[in-house]
There are 4 protein chains.
Amino acid sequence: MDLQAVLDSIYAELSPRLGEGKVADYIPQLAKIDPHQFGMAIATTDGKLYSVGSADTGFSIQSISKVFMLTLALGKVGEGLWKRVGREPSGTSFNSIVQLEREEGIPRNPFINAGAIAVTDVVLSGHAPREAIGEFLRFVRYVADDESVVIDDKVARSETETGFRNFALANFMRAYGNIQHPVEHTLGVYFHQCALSMSCIQLARAGLYLAAQGTNPLTGHSVVSPKRARRINALMLMCGHYDGSGDFAYRVGLPGKSGVGGGILAVAPGIASIGVWSPGLNKVGNSQLGSVALELLAARTGWSVFGD
Amino acid sequence: MDLQAVLDSIYAELSPRLGEGKVADYIPQLAKIDPHQFGMAIATTDGKLYSVGSADTGFSIQSISKVFMLTLALGKVGEGLWKRVGREPSGTSFNSIVQLEREEGIPRNPFINAGAIAVTDVVLSGHAPREAIGEFLRFVRYVADDESVVIDDKVARSETETGFRNFALANFMRAYGNIQHPVEHTLGVYFHQCALSMSCIQLARAGLYLAAQGTNPLTGHSVVSPKRARRINALMLMCGHYDGSGDFAYRVGLPGKSGVGGGILAVAPGIASIGVWSPGLNKVGNSQLGSVALELLAARTGWSVFGD
Amino acid sequence: MDLQAVLDSIYAELSPRLGEGKVADYIPQLAKIDPHQFGMAIATTDGKLYSVGSADTGFSIQSISKVFMLTLALGKVGEGLWKRVGREPSGTSFNSIVQLEREEGIPRNPFINAGAIAVTDVVLSGHAPREAIGEFLRFVRYVADDESVVIDDKVARSETETGFRNFALANFMRAYGNIQHPVEHTLGVYFHQCALSMSCIQLARAGLYLAAQGTNPLTGHSVVSPKRARRINALMLMCGHYDGSGDFAYRVGLPGKSGVGGGILAVAPGIASIGVWSPGLNKVGNSQLGSVALELLAARTGWSVFGD
Amino acid sequence: MDLQAVLDSIYAELSPRLGEGKVADYIPQLAKIDPHQFGMAIATTDGKLYSVGSADTGFSIQSISKVFMLTLALGKVGEGLWKRVGREPSGTSFNSIVQLEREEGIPRNPFINAGAIAVTDVVLSGHAPREAIGEFLRFVRYVADDESVVIDDKVARSETETGFRNFALANFMRAYGNIQHPVEHTLGVYFHQCALSMSCIQLARAGLYLAAQGTNPLTGHSVVSPKRARRINALMLMCGHYDGSGDFAYRVGLPGKSGVGGGILAVAPGIASIGVWSPGLNKVGNSQLGSVALELLAARTGWSVFGD
């Protein structure tokens, strides 16, 4: 199969649609992004790399960072993490607070905002915020095997100033004892992790450990056990696209995690890791064209976890 | 891999735990079942059959029937079905009515009760209830390649007399125009489909089309296209275990559908279809030991849709 | 104070607005009503009667009947009634089912549909539906001192055929054991009680016992104790206008109960009982002009339970 | 009627029950209070004062302060206030956040925490927090005609350090634009207003304007118009006891506002203002014995807004 040709055909098909969807506007710094952008990259477990469009342009990975922070947290506290956060789809939007009240401060899963904040709080334990941010950045550079990955301070600051809803979620969990540090500290780390700037190529490479039994096949870096890689994939499939997770599983059939910056990381277990980016979002908050691109990719390659 | 040995080891490990969980008691006829029962069967896509315990004993498949009725409905109306029912996990228990009010009569997915009732209403269209029941029974016999599959009338009657919550769900959807036949008709069909009695072996065989690109490899009977088989698997993974779907995906990693009779149908795409049964339920309404048995099976075989 | 002049001034002020609001359309028989109608009547505790407009025209009192059925039920089972229904405002619309799930089948108050159905189920106890309907009709004729009050069978039938949401509520409560008769029986009575046809004048007279310490001052008929009259007034004030009860208390300041037929019964304790009717409803389901008329009446008379 | 004798009889009847209920423990400073305390005072519109028990002991009025802040806010912005907060009972507990999400940042009424915080934000407009606190304190001293009313700084500090749930509510409303100052400023004022320390006697006198058409009959100080006094009473009746408001209206029949410090202010329009205090709370968060005392008072005096 000629993956480059597949990528080229997807790009050609989507080019007339560039600009579709709605750029996230609740973070002022993200609202400035030109929506007419698209990039896509595939890193295969046998070491090849394919890309198309603006696959080299850095963008704010936002919630995709939750996959890496979850990986880090599981490495630190293991399955004990699940005392702090659930593993079920939420049935609500990414920043809903309703469920938190019903379930007494335990977020439904690590990929909604509340859950990711709780995971960050776990990683923060015993550290100053600055140290935790540093540890996280080193970890992503390690899995991506790329020292040029950086945090965009302007985006982090923009979220700190306007992220009232995340402050609400964190304070609410603190009231239930499920945030254990000063809210400003935990959110300080959280806003910086979300502000990570990466390109599609960097993202595809960083996700390879999830496609390859927990070990980056390019570097040989072991990140997690095969079992844990499978489990993180399961969580991505179940909860990776907020209240559009079922639709994504139905159409694309691959584990994936989206971010409001317009990026999506998808994993074809045993085969490849895919990074795609286009800033316009659909109505449940996932990249409109990124989702379509992955649906086309799955259809043309036959990649699906649900059968040939 | 010696699958019979795997099954034997699972049975040996679970034997001391027989009786765990709580038998469903809201259907009087089901409440009479002895909880100390367990059966398991694996039908592989290359035509082998393995079984252990009471794999030949018929039990009430209940909500597992929703997989077959969904298959039938998709065959009749295709993707238009999704105007009547969603494809997202519900985040609530199997018979919740809350979500229906918030989303104006459109159930979240075809595997919660409300969604399954809407799917049955679609299949009922243009038929008398008795005809629709007959069509459904013939369809299951066809996919199972077994004419001895029957409906347990006592169970159907028991549900008809006590299924007030399902009457509530159906009337509620009728108020929104999403049930289009007299409620008694639609529920008449629904209660009979749920009252299907099958053994683990019959169930494993009936699910083979989902493991084998839509065609039963034993009979060559084509049931659905490969794409549709993948999509039904996706729905089973996302929504097949009510509010325990995330946990099942995390622990087992295979598409599956449970019923309150204690049965579970699971699918290892490309490899096998598995039927397991033990009547005691866990607190989210899925077979307690059936879930554990599938977790052990997945661990010992390495079967998982999320990677090796 | 010249109450007739007050009524005349209200009628004059509202005449140009006749037709405002939206006639209830979920009961086909009600949807046919001409919205350009208005009537109002005041019956004072000292035996006077004032009226204006179509105060003699019968209309479907619908939920106003809940006040009379509640009175009847309290007479039968006393304060034990509160095991079956709560006394708190619902914070939701009149036919919501969400709260019922959260509170396990116990409706929040006797004036939302679910609560009224539970109250009717209490009154039905030990009777055939036909007998209970007869008892209710006799009771209303007694409090109104008017044998010409009748039930509109066409409206009752119309609701029976289309009241799916009420069937949902009743079945849902039956699932929790809070409806104790066949749902068809309880709703049979409920639909007939709602189909009572009364004029503003009849309604004003029927409500006099609530304004006069439990005894109709015109007839000397004792209906309830003074304490119970106060308590029914309290329930009307707190819960009588669904999710517009707070607004009604704020603007009008009198206990009242509205119906989707466009009628409102209001009570000025110690002074008068008021019936008003205009079919167009506001967005929370209460008579648009009826509410305004009562606000004007309260302003011009100074009648308010909250001070002079 | 000998009101002193009534108070004495109530005190005698409740003395054996002192200590009932559960002292609020979510504010550490309040958790230290001895629950075996009780005081009650009645200030009549004709200038008499009656009291019993610890009616002279200061306690933290907490949410009772919302009545005074609401009065102040209505004086500043008039009916425009209702763009920022609703007037309907909430159907939920005092610090619920669920409703806020459903209704997009507009709290249901000014007496749940979220609503009171929004009201405080309105009063804060154009001021430094310290000034707003000063203005509020002066206002309460004015209505109480008592310069000795003070704010308990220890309580204010205690809430500032542990009031995570209020921080959640405020940030959540800020996300919707319904808090317009830095959250720390608005909550700074809010925590100080709640920390007001008053005795039953001070409270009874401070509430007299609500019983006497808006003007304190002792001092002749005009506070609000008669109409506004009635409307504040309406809000107190509808929403003054959180999710126990219906029960309070049913049993007591007077407008009232409770606080988690165990105080209740009640109003008998035209007759009297009552302050009662006992720290133990019932399960919906209102003073257990304070509620009973008011029920006894209403029964023995016949005071009720719902009729004689």
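Residues numbered from 1 in each chain as written. Chains lettered and ligands numbered in written order. Predicted model: local features only at pLDDT ≥ 70, side-chain atom pairs only at ≥ 80, totals over all residues.

(A) Examining the nonpolar core more closely. Judged by nonpolar contacts, the single largest core of 438 residues is most densely connected at A:Leu294, B:Ile117, B:Leu294, C:Ile117, C:Leu294, D:Ile117 and D:Leu294. Discounting chain neighbours no more than four positions away, the residues touching B:Ile117 are B:Asn166, B:Leu169, B:Ala170, B:Met173, B:Ile179, B:Thr186, B:Leu187 and B:Tyr190. (Core = buried A, V, L, I, M, F, W, Y, C linked by C-beta atoms within 7 Å. Buried ≥ 20, exposed ≤ 12 C-beta atoms within 10 Å, placed from the backbone. Contact = placed C-beta atoms within 7 Å.)

(B) Representation of the sheet that holds strand β3 (residues 59-60) of chain C within the structure. All names here are of chain C. The strand order across the open sheet built from three strands is β3-β5-β4, with neighbouring strands paired in antiparallel fashion. For this open sheet the edge positions go to β3 and β4 (150-151), each flanked by a neighbour on one side alone. Across two bridges, the pairing between β4 and strand β5 (residues 196-198) is antiparallel. What sits directly across from Val-150, in β5, is Ser-197. (Pairing = 2+ DSSP bridges. Helix = DSSP H or I, 4+ residues; strand = E, 2+ residues; numbered from the N terminus.)

(C) Expanded view of the interface of chain D and chain A. The interface is formed by 12 residues belonging to chain D together with 12 residues belonging to chain A. Where the side of chain D that touches chain A is concerned, the elements lending two or more residues are α4 (98-102) and α8 (164-175) of chain D. Here the side of chain D that touches chain A is composed, by residue class, of seven nonpolar, two polar and three charged. (Nonpolar A, V, L, I, M, F, W, Y, C, P; charged D, E, K, R; others polar.)

(D) Looking closely at the interface of chain B and chain A. Taken residue by residue, the interface counts 34 residues in chain B and 34 residues in chain A. For the side of chain B that touches chain A, the secondary-structure elements that each account for two or more residues are α12 (226-239) and α13 (245-251) of chain B. Top contributing element to the side of chain B that touches chain A by residue count: α12(B), with 10 residues. Grouping the constituent residues of the side of chain B that touches chain A by class yields 14 nonpolar, 12 polar and eight charged.

(E) Structural view of the relation of the copies chain D and chain A. Mapping chain D onto chain A leaves a residual RMSD of 0.0 Å; the transformation is a rotation of 180 degrees accompanied by 0.0 Å of translation along its axis. This pairing of chains is accounted for by a two-fold axis. Within chain D, the C-alpha atom positioned nearest to the axis of rotation is that of D:Ala168, 1.9 Å from it. Of all interface residues in chain D, 100% are interface residues in chain A too; the two copies therefore contact each other through one and the same surface. (Least-squares fit on C-alpha atoms with pLDDT ≥ 70 in both.)

(F) The packing of helix α8 (residues 164-175) of chain B against helix α8 (residues 164-175) of chain C, seen in detail. Direction vectors running N to C along α8(B) and α8(C) enclose 165 degrees, while the axes themselves pass 7 Å from each other. In terms of their interaxial angle, α8(B) and α8(C) are classed as roughly antiparallel. The two elements α8(B) and α8(C) meet at a crossing, and its hand is left-handed. Mapping the contact onto sequence places B:Phe164, B:Arg165, B:Phe167, B:Ala168, B:Asn171, B:Phe172, B:Arg174 and B:Ala175 in α8(B) and C:Phe164, C:Arg165, C:Phe167, C:Ala168, C:Asn171, C:Phe172, C:Arg174 and C:Ala175 in α8(C). Here the residues of the contact of α8(B) with α8(C) sort into 10 nonpolar, two polar and four charged. (Axes fitted to C-alpha atoms, helices over the stretch in contact; angles between N-to-C directions. Parallel < 35°, antiparallel > 145°, perpendicular 65-115°, else oblique. Left-handed = near helix turned anticlockwise from the far one by under 90°.)

(G) Examining the domain arrangement of chain A more closely. All names here are of chain A. Under the domain assignment, chain A is made up of domain 1 (3-62 + 198-301) and domain 2 (63-196). Relative to domain 2, the C-alpha centre of domain 1 lies at a distance of 20 Å. Taken together, the contacts link 37 residues of domain 1 with 35 residues of domain 2. Counting residues per element, the ones that place at least two in the side of domain 1 that touches domain 2 are α2 (28-31), α10 (200-206), α12 (226-239), β6 (256-258) and β7 (263-268). When the residues that make up the side of domain 1 that touches domain 2 are grouped by side-chain class, the tally is 20 nonpolar, 13 polar and four charged. (Domains from an automatic or database assignment.)

(H) Fine view of the pairing of strand β8 (residues 272-277) of chain A. Residue and element names in this part refer to chain A. With six of six residues buried, β8 lies mostly within the body of the structure. A two-sided burial pattern is seen for β8, the buried positions comprising Ala-272, Ile-274 and Val-276 on one face and Ser-273, Gly-275 and Trp-277 on the other. Pairing between β7 and β8: six bridges, direction antiparallel. The residue bridging Leu-265 from the neighbouring strand is Gly-275, located in β8.

(I) Local environment of the relation of the copies chain B and chain A. When chain B is fitted to chain A, the best match, at an RMSD of 0.0 Å, comes from turning it 180 degrees and sliding it 0.0 Å along the axis. Of all interface residues in chain B, 100% are interface residues in chain A too; the two copies therefore contact each other through one and the same surface.

(J) Quick peek at the environment of D:Ala118. Residue and element names in this part refer to chain D. In this fold, Ala-118 is placed in helix α5 (residues 113-124). Along the backbone, Ala-118 and Leu-169 are 51 residues apart, and their C-alpha atoms lie at a distance of 9.8 Å. Ignoring sequence-local partners within four residues, the contact set of Ala-118 consists of Arg-84, Val-85, Pro-107, Met-173, Asn-178 and Ile-179.

(K) Spotlight on the sheet that holds strand β4 (residues 150-151) of chain A. Residues and elements named next belong to chain A. Strand order in the open sheet formed by three strands is β3-β5-β4, and the pairing between neighbours is antiparallel. Both edges of this open sheet fall to β3 (59-60) and β4, since each of them pairs with a single strand only. Relative to strand β5 (residues 196-198), β3 runs antiparallel, the two being bridged by two bridges. Along β5, the bridge assignment pairs Phe-59 with Met-198.

(L) Spatial organisation of the packing of helix α3 (residues 65-77) of chain C against helix α6 (residues 129-144) of chain C. Residue and element names in this part refer to chain C. In contact at an axis separation of 10 Å, α3 and α6 are set at 105 degrees when each is read in the N-to-C sense. Of the possible angle classes, the one that applies to α3 and α6 is roughly perpendicular. Counting all contacts with α3, which are made through Phe-68, Met-69 and Leu-72, the residues of α6 involved are Phe-136, Phe-139, Val-140 and Val-143.

(M) Up close: the pairing of strand β8 (residues 272-277) of chain D. Residue and element names in this part refer to chain D. For strand β1 (residues 39-44) and β8, the ladder comprises six bridges, and the chain directions are antiparallel. In the strand pairing of β8, Gly-39 is matched with Trp-277. Connecting strand β7 (residues 263-268) to the next strand, β8, in antiparallel fashion are three residues, including Gly-270 with a positive phi near 85 degrees.

(N) The arrangement of the environment of C:Ala31 in detail. Residues and elements named next belong to chain C. Residue placement: Ala-31 occurs in helix α2 (residues 28-31). According to the C-beta neighbour criterion, Ala-31 is exposed, with 12 such atoms within 10 Å. Taking the C-alpha atoms as reference, Ala-31 lies 15 Å from Asp-152; in sequence the two are 121 residues apart. Not counting chain neighbours up to four residues away, the residues in contact with Ala-31 comprise Val-23, Ala-24 and Asp-25.

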